[in-house]
Amino acid sequence: MTCWFVLAASLSTLATHRLTAIFLLLLATGIALYTHVLGWQAMWLLVAISAVGVIRWRFQHHLAIKIVSEIILIACAIGLFIHAFSGFNNLKYLDRVTVGEQSLPFTMYFNFDKALMPFILLLCLPSLFTTKAVKTAQPWQWWLLIVAVPVLLVIATLAGGLGFEKHFPNWLPIFIICNLLFVSLAEEALFRGYLQQRLTQWLNSPYLALMISALLFGGAHFAGGPLLMLFATLAGIIYGLAWMWSGKLWLAVSFHFGLNLVHLLFFTYPVKMFTG
């Protein structure tokens, strides 16, 4: 697990101590190569991504190079998100475990490829983690947004997708690390930090940018069926509002992780088992 803890440390420091994060990423990469978590195909991909990043930085005032390099980097980030590249031997930490009697079996991975996304997106958008808030929210609006997290899970339960079921698994600390840094951060970096921020800049309409990014986030959950896509879209609106009102990626990540954690602790996870 050394490789994964070092990579987690790198991700946790990326927003505030970038040189430290890069050093830890290089260390994690070296350990991953030595332990065969990364193959040579993945290493060549990382070298190519780094080269594009250097070219983008070196010629940052050339519009054509900026556009082409950003397209390449975003294509790589999406490819990593959907596990399209070979050479990544991700760790299956939990294999079809059942957290409760009503819950379907659950598998959890530590994904090295997906964890690289915030680094790549930061090359495209230096304001990925912190930017000026698009809108200002009142305290009562923030409280409503916080309450919306458990309310959405209750609505999903009433709709039949989840059930009430308390859990406290012995692998909860590892779940927290994995879900916070390897899932929530990676997904929020793509859908809120990059996509919603870019769309806000291009469309000059923060609410349209919010809805498009939330719909795409819901669409990314197509494998779970229409109900999951719907609730992922609604969750994306919650995360998107958190980003819009604060300009801080980590706040959107906190809402995302908070929903996932409440889901695990108090509801069937990942979904309710249907019998009969």
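Refer to the structure above for everything that follows.
Residues numbered from 1 in each chain as written. Predicted model: local features only at pLDDT ≥ 70, side-chain atom pairs only at ≥ 80, totals over all residues. Heavy atoms only, no water.

A. Spatial organisation of the side chain of Thr 13. With respect to the helices and strands, the residue Thr 13 is situated in helix 1 (residues 2-13). Beyond its immediate chain neighbours, meaning those up to four positions away, Thr 13 contacts Arg 18, Thr 20, Ala 21 and Leu 24. (Helix = DSSP H or I, 4+ residues; strand = E, 2+ residues; numbered from the N terminus. Contact = heavy atoms within 4.5 Å.)

B. The arrangement of the packing of aromatic side chains in detail. Tallying each qualifying case throughout the model produces 15 aromatic pairs. Following the ring pairs from residue to residue traces out a cluster consisting of Trp 4, Tyr 93, Phe 110, Phe 112 and Phe 182. Over the ring of Phe 217 we find Arg 192, and its NZ or CZ is 4.7 Å from the ring centre. (Phe/Tyr/Trp six-rings, centres within 6.5 Å; stacked < 30°, edge-to-face > 60°. Lys NZ or Arg CZ within 6 Å of the ring centre and 35° of its normal.)

C. Local environment of the packing of helix 1 against helix 2 (residues 18-34). Relative to each other, helix 1 and helix 2 sit at 160 degrees, their axes nearing to 8 Å. Comparing the axis directions of helix 1 and helix 2 gives the class roughly antiparallel. The chirality of how helix 1 crosses helix 2 is left-handed. Residues Thr 2, Cys 3, Val 6, Leu 7, Ala 9, Ser 10 and Thr 13 of helix 1 lie in contact with helix 2, whose contacting residues are Arg 18, Thr 20, Ala 21, Leu 24, Leu 25, Leu 27, Ala 28, Ile 31 and Ala 32. Residue composition of the contact of helix 1 with helix 2, by class: 11 nonpolar, 4 polar and 1 charged. (Axes fitted to C-alpha atoms, helices over the stretch in contact; angles between N-to-C directions. Parallel < 35°, antiparallel > 145°, perpendicular 65-115°, else oblique. Left-handed = near helix turned anticlockwise from the far one by under 90°. Nonpolar A, V, L, I, M, F, W, Y, C, P; charged D, E, K, R; others polar.)

D. Spatial organisation of the pattern of salt bridges. Inspection of the entire model under this criterion finds 5 salt bridges. A salt bridge links Arg 198 to Glu 70; the nearest nitrogen and oxygen atoms lie 2.9 Å apart. Placement of the pair is Arg 198 in helix 8 (residues 172-203) and Glu 70 in helix 4 (residues 63-81), with a sequence separation of 128 residues. Classification of Arg 198 as buried rests on a relative accessible area of 12%. We classify Glu 70 as buried; its relative accessible area is 10%. Among the ionic pairs, Asp 95 bridges to Lys 92, the shortest N-O distance being 3.8 Å. Owing to a relative accessible area of 47%, Asp 95 belongs among the partly exposed residues under this scheme. Taking the relative accessible area as the measure of exposure, Lys 92 reaches 38% and is therefore partly exposed. (Salt bridge = Lys/Arg side-chain N within 4 Å of Asp/Glu carboxyl O. Buried < 20%, exposed > 50% of the residue type's maximum accessible area, 1.4 Å probe, protein only.)

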